[in-house]
Amino acid sequence: MFLLLCRIITIYRVRAHSKAGFHISITSTFLTGLHCPIKPLSKELNVLWSLTSVFFVCVERHPIEYAIDGTNRWWQSPSIMNGMDYHYVTVTLDLQQVFQIAYVFLKAANSPRPGNWILERSLDGETFMPWQYYAITDTECITRFNIVPRTGPPSYMHDEEVICTSFYSKIHPLENGEIHTSLINGRPSADDPSPTLLNFTSARYIRLWFQRIRTLNADLMTLALNDPRDIDPIVTRRYYYSIKDISVGGMCICYGHAKACPLNPYNKKFSCECEHNTCGESCDRCCPGYNQKPWMAGTFLTCHVCEKCNCHDKSEECYYNQTVADAKGGGVCLGCSENTGGNNCQSCVDGYYRPSEVSCVQPNCWWDSEAQLCRPCQCSARGSVSQRCDSEGRCICWAGYVGRRCDLMRPPHARRETRRPIFSTFPTVNISKLNF
Ligand SMILES: [Ca+2]
């Protein structure tokens, strides 16, 4: 049996590359990317050191931009020769918009891969959630992060499982080591991502929170047991983080309503080419005038096309109303033109009338366009109870007045003593049958 598979999977891949419109920023406890002489111990010299380091000596030879420049140049952090606090460094990528991140690949340069660190995600750049923990040993998964280690190559049992692995923190290779972190592949709903997985992989900011530089095991003992100021700089100056390349694979979030997501050269953002009458940067809402049904994400089998509201060509905008939908339809037209009103611009507003119940829709009105218009009742202000009239344009007259517009005085012999309205001719409108 042939099945029309409706879900559109937007396969546009993005790469954390400055030329592709990405912006990257770095923050850390200290200046990073600078290579300075060892920090002196005395307070007085420290001031001098700071000045000379920043203005004369420190040279940013490996700026953070080198981690995403697509070349073999690399970013390098200050070594722990400058202090053990340089174990703690954060690198933050700002992708400028929210993507569904499929993977994050790191390639080290002239140092081993980072030891203990956390890969994190954020939508707003302030609140970060962990994606994955990395530790030098399985034991450190528990002692450092309080997470039971996932041994061997990383695997995932749930769509939003956050694991801790020592697989990518080994000392070898000493240079050019790689770290492959897949956030979609290997998870239960990878083939047709669940809302849970979509939420888990959505991020605008990606943060690498490094907490421990990988050292040779023998040096690790030295570093742990001795005051770092007493350690030979020959040992400590070779320990730093270095990253040659960061690759991020992502997809635009188009909720199953777009086939492509090209880069807009003007605003430097990737935008879904929305289909199914959806609009928005992520096709996350129905286009104006297409709110007959509530917006829904496209699924593998159902497109969930946004339907046009029935406004009889009198409005281009509408909104979805569940109460109206419970009766029939669901779209409520906004700003009906030509003196029309009602959920579907199907009736005339007070003070206007139309012989036919519903106006025709262009181009079918050529044969009697005049008859389809809402015409003013023109009820007499003096003789009419209100400005409303029935479908034939008859107003409701006070006693003593007659005529379609109540603008004629009743003959004196026929007048009543009391002044009271005559309601008998006022029309009732059955709106429910017009509520499409
Ligand atoms: Ca590079």
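Look a little higher up for the structure.
Below is a summary of the structure that appears in this document. Because the structure is predicted, anything quoted here is derived from the model rather than measured. (Residues numbered from 1 in each chain as written. Predicted model: local features only at pLDDT ≥ 70, side-chain atom pairs only at ≥ 80, totals over all residues. Heavy atoms only, no water.)

1. Comments concerning the packing of aromatic side chains
- Inspection of every chain in the model, using the stated rule, returns 9 aromatic pairs.
- Their ring planes at 70° and their centres at 5.7 Å tell us that Phe99 and Phe270 sit as a pair that is edge-to-face. Here Phe99 is found in strand 3 (residues 89-108), whereas its partner Phe270 is found in strand 11 (residues 269-270), with 171 residues between them in sequence. In this structure, Phe99 and Phe270 share a single accessibility class: buried.
- Centroid distance Trp117 to Tyr134: 4.0 Å. Interplanar angle 5°. Geometry classified as stacked. (Phe/Tyr/Trp six-rings, centres within 6.5 Å; stacked < 30°, edge-to-face > 60°. Helix = DSSP H or I, 4+ residues; strand = E, 2+ residues; numbered from the N terminus. Buried < 20%, exposed > 50% of the residue type's maximum accessible area, 1.4 Å probe, protein only.)

2. Structural notes on the coordination of the calcium ion
- Taken together, Tyr66 (O), Asp69 (OD), Thr71 (O), Arg73 (O) and Lys244 (O) make up the protein donors of the calcium ion, found 2.3 to 2.5 Å from the metal.
- In terms of primary sequence, the donors binding the calcium ion are separated according to Y-x2-D-x1-T-x1-R-x170-K. (Donors = N, O, S within 2.8 Å, 3.2 Å for Na, K, Ca; no water.)

3. Description of the nonpolar core
- The biggest cluster of nonpolar side chains holds 46 residues, and the ones touching the most others in it are Trp75, Ile101, Leu106, Ile206, Leu208, Phe210 and Ile246.
- Taken together, the elements giving at least two residues each to this core come down to strand 3, strand 4 (116-122), strand 5 (129-134), helix 3 (195-201), strand 8 (202-212) and strand 9 (242-252).
- Take this core: its biggest share by element is 9 residues, from strand 3.
- Counting only domains with at least three residues in this core, you end up with domain 1 (11-252) and domain 2 (258-308).
- Counting 8 residues, the second largest nonpolar core, distinct from the first, contains Cys377, Cys379, Cys397 and Cys406. (Core = buried A, V, L, I, M, F, W, Y, C linked by side-chain atoms within 4.5 Å. Domains from an automatic or database assignment.)

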